[in-house]
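Next come the chains, spelled out residue by residue.
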Amino acid sequence: MSPADRYAVMGNPIAHSKSPRIHALFAAQTGQDIVYEAILVERGRFPEAVAAFQAAGGKGLNVTVPFKEEAYAIADARSARAERAGAVNTLVLGPDGTRYGDNTDGVGLVRDLRDNLGLVLAGARILLVGAGGAARGILGPLLEARPATVTLANRTVARAEHLAAAFADLGPVTACGFEALAGRTFDLILNATAASLAGEVPPLPPDVVRPDTVCYDLAYGERGETPFVAWAREQGAAHALDGLGMLVEQAAESFYLWRGVRPATRPVIAALRE
Ligand code: ATR
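A brief look at the structure comes next. None of these values were measured; they are calculated from a predicted model. (Residues numbered from 1 in each chain as written. Predicted model: local features only at pLDDT ≥ 70, side-chain atom pairs only at ≥ 80, totals over all residues. Heavy atoms only, no water.)

Turning our attention to the site of the ligand. In the vicinity of the ligand there are 14 residues, among which Asn154, Thr156, Arg159, Ala194 and Glu200 approach most closely. Between the ligand and Ala131, the relevant distance is 2.9 Å, taken from an oxygen atom to a main-chain nitrogen or oxygen of the residue. Here Thr156 contributes a side-chain N or O atom positioned 2.5 Å from an oxygen atom of the ligand. Against a free-state accessible area of 650 Å², the protein chains account for coverage of 74% of the ligand. Looking at the shell around the ligand residue by residue, the class counts come to five nonpolar, six polar and three charged. (Near = heavy atom within 4 Å. Polar contact = N/O pair within 3.5 Å; in protein donor to acceptor, adjacent residues only side chain to side chain. Areas by Shrake-Rupley, 256 points an atom, 1.4 Å probe, with all protein chains shown as cover. Nonpolar A, V, L, I, M, F, W, Y, C, P; charged D, E, K, R; others polar.)

This is the structure we're talking about:
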């Protein structure tokens, strides 16, 4: 019997990653014989960690904070969506040393919003808060879902303007600061800032959340809800959701790239919510 194919997620920190559990559930469900581990990589050591994993026969990697841009750099071929995102969260490793880079974050978000939560993105007015790597990673697939508008709001307005300009050819995207949001209404507010990591919420005007606004945090709470989800619920949002579904959906897309099999995501999301 040949040994199981090896996969892993690399990041820093990585101890609390749910990816090993998600991929173990996918493997059990689809009858795929794989092992998937979490590897803590020191900053500055990412390229050698990938090389060592690949030399040992590793077939694929997920890449998380802070290595997605480095993963982009070490890929020798990339999907169009990874090129747009400027970041890679999935590497397909060939036995001959090849590295194909993809980014499944955006499609994961769109699938969670549309297929799991039943939101209609076509024609929606979307507020995307944040203009860093997380926002960049999802903007392409979001615009491809044909919203009426995507408003990019960021603490540093110039960064939002820069990002909006880089995606303007894909759809109607504009940039502003937080104060400029006062009095405006949105169907969906996405939090793509790193504020949660510091236990903070971006300082949005409270009236931006209306009774029919859906609020979604790309981050998920390791213990209970994220600060943004709690804030959105306090403002009376129609729904306030974290990014656990997106996490499972981006994992499913990675699993499909590696194994050619698409796992069912709902039972896995349900198992993780328990
Ligand atoms: P990531 O890869 O997680 O997106 P990043 O590229 O460092 O990380 O971007 C972090 C994002 O979170 C930025 O949009 C940042 O705003 P600035 O561009 O103004 O720095 C935003 N951010 C971080 N902490 C924040 C806070 N406390 N309030 C509002 N925005 C915050």
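Turning our eyes to something else, we now look at the sheet that holds strand β8 (residues 149-153). Strand pairs in the sheet, formed through backbone hydrogen bonds, run parallel or antiparallel to each other. Spatially, six strands are ordered β9-β8-β7-β10-β11-β12 in an open sheet, and the strand pairing comes out parallel. Looking along the sheet, the strands with just one partner apiece sit at the ends: β9 (173-176) and β12 (239-241). If you compare each strand with its neighbour and ignore which way they point, the axes differ by 15° on average. By the bridge criterion, four bridges tie strand β7 (residues 125-129) to strand β10 (residues 188-191) in an arrangement that is parallel. When the bridges of β10 are listed, Leu128 appears paired with Leu190. With respect to the sheet, helix α7 (residues 157-167) is in contact with β8 and β9, its orientation differing from that of β9 by roughly 170°. (Pairing = 2+ DSSP bridges. Helix = DSSP H or I, 4+ residues; strand = E, 2+ residues; numbered from the N terminus. Axes fitted to C-alpha atoms, helices over the stretch in contact; angles between N-to-C directions. Contact = heavy atoms within 4.5 Å.)

The next point concerns the pairing of strand β3 (residues 60-63). Where burial is concerned, the two faces of β3 agree: the one with Gly60 and Asn62 and the one with Leu61 and Val63 are both buried. Here β3 runs beside strand β5 (residues 90-93); their pairing, made up of three bridges, is antiparallel. Pairing of Asn62 across the sheet is with Thr90, part of β5. (Buried < 20%, exposed > 50% of the residue type's maximum accessible area, 1.4 Å probe, protein only.)

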